[in-house]
Each structure stands twice: as C-alpha cells, then as structure tokens.
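Survey of secondary and tertiary structure
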Amino acid sequence: NFTIDPSKNFVIGPIPDDIYNINGEGYAMPTELTLDSDRPTLPPQYHMLIVWRALMYYGQKEAAPEAYTHWQNKYGQLMRQLLTDQIPTFDIGSALC
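Turning to the overall build of the protein chain, a few remarks are in order. Scanning the protein chain from N- to C-terminus turns up 2 helices and 2 strands. For the protein chain, the sequential pattern of α-helices and β-strands runs β-β-α-α. Relative to the globule expectation of 13 Å for 97 residues, the C-alpha radius of gyration of the protein chain, 21 Å, shows a markedly less compact shape. Viewed in the frame of its principal axes, the protein chain has a C-alpha envelope of about 65 × 45 × 20 Å. Per-residue burial for the protein chain yields a buried fraction of 10% across its 97 residues. Excluding contacts between residues fewer than 6 apart, the proportion of contacts in the protein chain whose partners are at least 24 apart in sequence is 29%. Working note: accessible area of the protein chain is about 9100 Å², and carbon and sulfur atoms make up 57% of it. Between the centroid of the 6 positive side chains of the protein chain and the centroid of its 11 negative side chains there is a distance of 13 Å.

What follows is the structure in structure tokens.
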C-alpha cells in the first residue's frame, strides 16, 4: 500500500519485509525562466522549442503569416521528436479469455 501524505511525501505501509523496486511516473510543474542563468527542465536537445514558440508569437504579433508558418513548422517537427522521445510506449496485452 502507498499514499501521499499532507506534506506531499510518498509513504509505503506496512514496512516492507525486503528491498523492492517501485516504478512509476511523475509529473513536474513547468519552471518559470526569469533569470539569464535559468535553464529549462526539458532535455537540452529540445531547448529550441522555446525559441520557435517565441518566434511564432512574434510572427503573429507582427502580422507576418509567412514567418509564423515557418516557425510553426520548425516547432511542430521538434515537438514530434520530443513526444516520440519522452512519452512512454505501452503494450497491448493478449485477450483475457
């Protein structure tokens, strides 16, 4: 059995009788980048996603549809790579019959 206590700690009970591995998924809140020294939490090869998205906002604000489309394509390509790399795969089991 397990739970999350009010202090947001992971708690297991009763006390395990041996050493066990526990696998699971976790989620983190996005980090706000406020200082020049701040680093995004996503893997370094995907940091350009932030740049492409910012350029999309710029192209939209400046009413530059050709620029917006260009940056949207770059963003989409890299986002697909991120999703392929980071989202876990799942297997479909056999029938229960």
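After that view of the structure, there is still more to cover.
What follows covers unusual backbone geometry. Cis geometry is adopted by the peptide bond preceding Pro 14, which originates at Gly 13 and carries an omega value of -10 degrees. Tracing the backbone through its elements, the reader meets Pro 14 in the loop between strand 2 (10–12) and helix 1 (48–61). In this structure, Lys 8 takes a positive phi of about 70 degrees despite not being glycine. Within the secondary structure, Lys 8 is located in the loop between strand 1 (2–4) and strand 2. Residue Ala 63 is not a glycine yet carries a positive backbone phi of 55 degrees. Here Ala 63 is to be found in the loop between helix 1 and helix 2 (65–86). Since its relative accessible area comes to 64%, Ala 63 is described here as exposed.

Rules used in this analysis
Residues numbered from 1 in each chain as written. Predicted model: local features only at pLDDT ≥ 70, side-chain atom pairs only at ≥ 80, totals over all residues. Heavy atoms only, no water. Helix = DSSP H or I, 4+ residues; strand = E, 2+ residues; numbered from the N terminus. Rg over C-alpha atoms; globule rule 2.2 N^0.38 Å. Buried < 20%, exposed > 50% of the residue type's maximum accessible area, 1.4 Å probe, protein only. Contact = heavy atoms within 4.5 Å. Areas by Shrake-Rupley, 256 points an atom, 1.4 Å probe, with all protein chains shown as cover. Lys, Arg positive; Asp, Glu negative; His and termini not counted. Charge placed at Lys NZ, Arg CZ, Asp CG, Glu CD.

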